[in-house]
Amino acid sequence: MTTAAAIDLSTSVGSLRLRNPIIAASGTFGYGAEFAHLVNLNALGAFVVKGLSREPIEGAPAPRVVETASGMLNAIGLQNVGVRAFVAEKLPVLRKYDTPVIANVFGYAIEDYVEVIRILEDAEGLAAYELNISCPNVKKGGMQFGCDPSMVSEVVAAARRAAAKRPLWVKLTPLVTDIGLIARSAAEAGADALTVANTFPAMAIDYRTGKSRLGNPTGGLSGPAIKPITLKLVWEVHKAVKIPVVGLGGVERVDDVLDYLSVGASAVQVGTASFSDPTVTQRLVNGLEDAISQAKAFTIKEIMTNFSAKIG
Ligand SMILES: Cc1cc2nc3c(=O)[nH]c(=O)nc-3n(C[C@H](O)[C@H](O)[C@H](O)COP(=O)(O)O)c2cc1C
């Protein structure tokens, strides 16, 4: 029997060393500081801030979130303060924490992504970039960047050139026919790690009123409802590329964390669960030592090879 004292929770996502594999996911943890009275930010592996764009975005009309069976649908419309206000007002507060802060970046054209990264490159206090490529490319008729291997290649290569200072993670969209192909395009274009995955396009309506239950006609599905699907995607991506994978989708309990690690994820992100329990990230960190001990392991690496060693 292993003892909790012997357990090493640390992990690495490429060159980025984390004290544990629990990362708060973009869009569900504000700009980090909002959670400081609920969670010890210095206990987390890392946190990803709300997606940042070139200019501030007001976002979508209310209601922006709605509960669905075992999940949640959101249409926030990528509301954010804009990259310049983030650097001037939010980042200085985050510098006092000893936890890696990851900037989630998005745009509607390749130049947008490049410009946001260029501005962040001049700022201190960030550990990595995470590129959200589940956005419509306005120059290609609104098709999502993340759905097409050549567009993935183009946007990742451009971001890579701009991101000279820091690791570049690319967050994949889940709704593609062959995620391995998309993952390879991102890796070949210079991604340091892949985050798998973003929300699933979905809808919830009220047939009585004939209206969407969201302010927008459609939204993104997240939470436990998507976990079995994203778990498979993480497994597929891990087999397709050599770079590290960060898994997410419906992580609520310590068992969910170990499931993602077992299919090869180097770390996990926690999103929707923070809505029902804002302290969940801290709770997961606290429960991890015991869970790893019960799995008769000492390190995250040992858990990561669990499933692949047995199934492939
Ligand atoms: C309210 C809300 C806002 C989100 N905003 C972003 C965002 O700005 N950028 C991004 O890459 N992902 C965003 N996401 C997606 C989450 O980071 C995550 O990929 C997704 O919710 C799946 O994980 P979960 O099931 O743990 O929530 C958002 C999700 C939710 C629920």
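All values derive from a computational prediction rather than experimental measurement.

Analysis parameters
- The residue numbers shown here count from 1 along each chain, following its written sequence.
- Restriction of local features to residues with pLDDT of at least 70 applies here, the model being predicted, together with a cutoff of 80 or more for giving and counting side-chain atom pairs; totals for whole chains, interfaces and linings are based on all residues.
- Only heavy atoms go into the side-chain values, all of them from the structure, while hydrogens and water stay out.
- Every definition here rests on a 1 Å grid over the protein atoms only: cavities are sets of points where a 1.4 Å probe fits but cannot get out, pockets are open sets enclosed by protein on both sides within 12 Å along at least five of seven lines, and lining residues have some atom within 4 Å of a point.
- Grid points are joined across faces, edges and corners, and a volume is the space filled by probe spheres set on the points.
- Labels follow the DSSP assignment, with helices taken as runs of H or I lasting at least four residues and strands as runs of E lasting at least two, numbered in each case from the N terminus.
- Polar here means any residue other than Ala, Val, Leu, Ile, Met, Phe, Trp, Tyr, Cys and Pro, which are nonpolar, and Asp, Glu, Lys and Arg, which are charged; Gly is therefore polar.
- Contacts are residue-level and defined by heavy atoms, with any inter-residue pair within 4.5 Å sufficient.
- Structural elements are reduced to axes, namely lines fitted to C-alpha atoms, with helices fitted over the stretch in contact, and the angle between N-to-C directions of any two is expressed from 0 to 180 degrees.
- For this classification, under 35 degrees means roughly parallel, over 145 means roughly antiparallel, 65 to 115 means roughly perpendicular, and everything else is oblique.
- Two helices crossing with the near one rotated counterclockwise from the far one by less than a right angle form a left-handed crossing, whereas a clockwise rotation gives a right-handed crossing.
- Each pair of strands is called paired provided DSSP finds at least two bridges between the two strands.
- Classification of ring pairs uses Phe, Tyr and Trp, with its six-membered ring standing for Trp, and accepts pairs whose centres are within 6.5 Å; under 30 degrees between planes counts as stacked, over 60 as edge-to-face, and the remaining range as tilted.
- Relative accessibility thresholds used throughout: buried, under 20% of the residue-type maximum; exposed, over 50%; partly exposed, between the two (1.4 Å probe, protein chains only).
- Consider each residue's heavy atoms; a residue with any of them within 4 Å of a molecule or strand counts as near.
- Polar contact is defined as a pair of N or O atoms within 3.5 Å, subject to the rule that within protein one atom must be able to donate a hydrogen and the other to accept it, and that residues adjacent in sequence are counted only when both atoms are side-chain atoms.
- For every accessible area listed, the method is Shrake-Rupley and the probe measures 1.4 Å; residues are considered covered only by the protein chains on display.
- The rule for placing a molecule in a cavity or pocket is simple: more than half of its atoms must lie within 2 Å of the grid points.

(A) The layout of surface pockets, seen in detail. Considered as a void within the structure, the largest pocket measures approximately 1000 Å³ in volume. The wall of the largest pocket is formed by 44 residues, among which Asn74, Leu78, Asn198, Thr199 and Gly220 lie closest to the centre. Contributing elements (two or more residues each) for the lining of the largest pocket: β6 (71-74), β13 (200-202), β16 (219-222), β18 (267-270) and α7 (273-276). Considering each element in turn, the lining of the largest pocket owes the most residues, three residues, to β16. The class makeup of the residues in the lining of the largest pocket is 17 nonpolar, 24 polar and three charged. Each pocket or cavity is described by its volume, and for the second largest pocket that value is around 210 Å³. Forming the walls of the second largest pocket are 13 residues, and the residues nearest its centre are Gly27, Thr28, Gly30, Ile76 and Phe275. By residue class, the composition of the lining of the second largest pocket is six nonpolar, six polar and one charged.

(B) Summary view of the side chain of Ser274. The residue Ser274 is located in helix α7 in this model. What Ser274 contacts, discounting residues up to four positions off in sequence, is Thr28, Phe29, Phe35, Val280 and Thr281.

(C) Highlighting the packing of helix α1 (residues 83-94) against helix α2 (residues 110-121). With their axes 9 Å apart at the nearest point, α1 and α2 run at an angle of 20° to one another. When the axes of α1 and α2 are compared, the pair comes out roughly parallel. Considering how the two elements wind past one another, α1 and α2 form a crossing that is right-handed. For the pair α1 and α2, the contacting residues are Val83, Arg84, Phe86 and Val87 in the first and Glu115, Val116, Ile119 and Leu120 in the second. For the contact of α1 with α2, the residue count by class is six nonpolar, no polar and two charged.

(D) Spatial organisation of the sheet that holds β6. Strand order in the open sheet made by the four strands is β5-β6-β16-β13, with antiparallel pairing throughout. Of all strands in the sheet, those with a lone pairing partner are β5 (65-68) and β13, marking the two edges. Recorded for the sheet is a direction-independent mean angle of 35° between the axes of neighbouring strands. Relative to β16, β6 runs antiparallel, the two sharing three bridges. In the sheet register, Asn74 faces β16, and the bridge partner there is Gly220.

(E) Structural view of the packing of aromatic side chains. As enumerated under the stated definition, the model contains five aromatic pairs in all. A ring pair is formed by Phe106 and Tyr108, whose centres lie 5.9 Å apart and whose planes are at 80°; its orientation type is edge-to-face. Look at Phe106 and you get buried, because its relative accessible area is 0%. In this structure Tyr108 comes out as partly exposed when scored by relative accessible area, which is 26%. Relative to Phe145, the ring of Tyr113 lies with its centre 5.3 Å away and its plane at 85°, an arrangement referred to as edge-to-face. Here Phe145 lies in the loop between β10 (143-144) and α3 (149-162) and Tyr113 lies in helix α2, a separation of 32 residues in the sequence. For the pair Tyr113 and Phe145, a shared accessibility class is recorded, and that class is buried. Pairwise contacts between aromatic rings join Phe29, Phe35 and Phe47 into one cluster.

(F) Representation of the site of the ligand within the structure. The full set close to the ligand counts 25 residues, and Ser26, Lys171, Gly223, Gly250 and Thr272 are the nearest of them. Contacts to the ligand include Gly51, whose backbone N or O atom sits 3.3 Å from an oxygen atom. Contact between the ligand and Gly223: an oxygen atom at 2.8 Å from a main-chain N or O atom of the residue. Isolated, the ligand exposes 600 Å² of accessible area, and the fraction of that covered by the protein chains is 97%. Spatially, the ligand is embedded in the largest pocket. The class makeup of the residues in the shell around the ligand is eight nonpolar, 15 polar and two charged.

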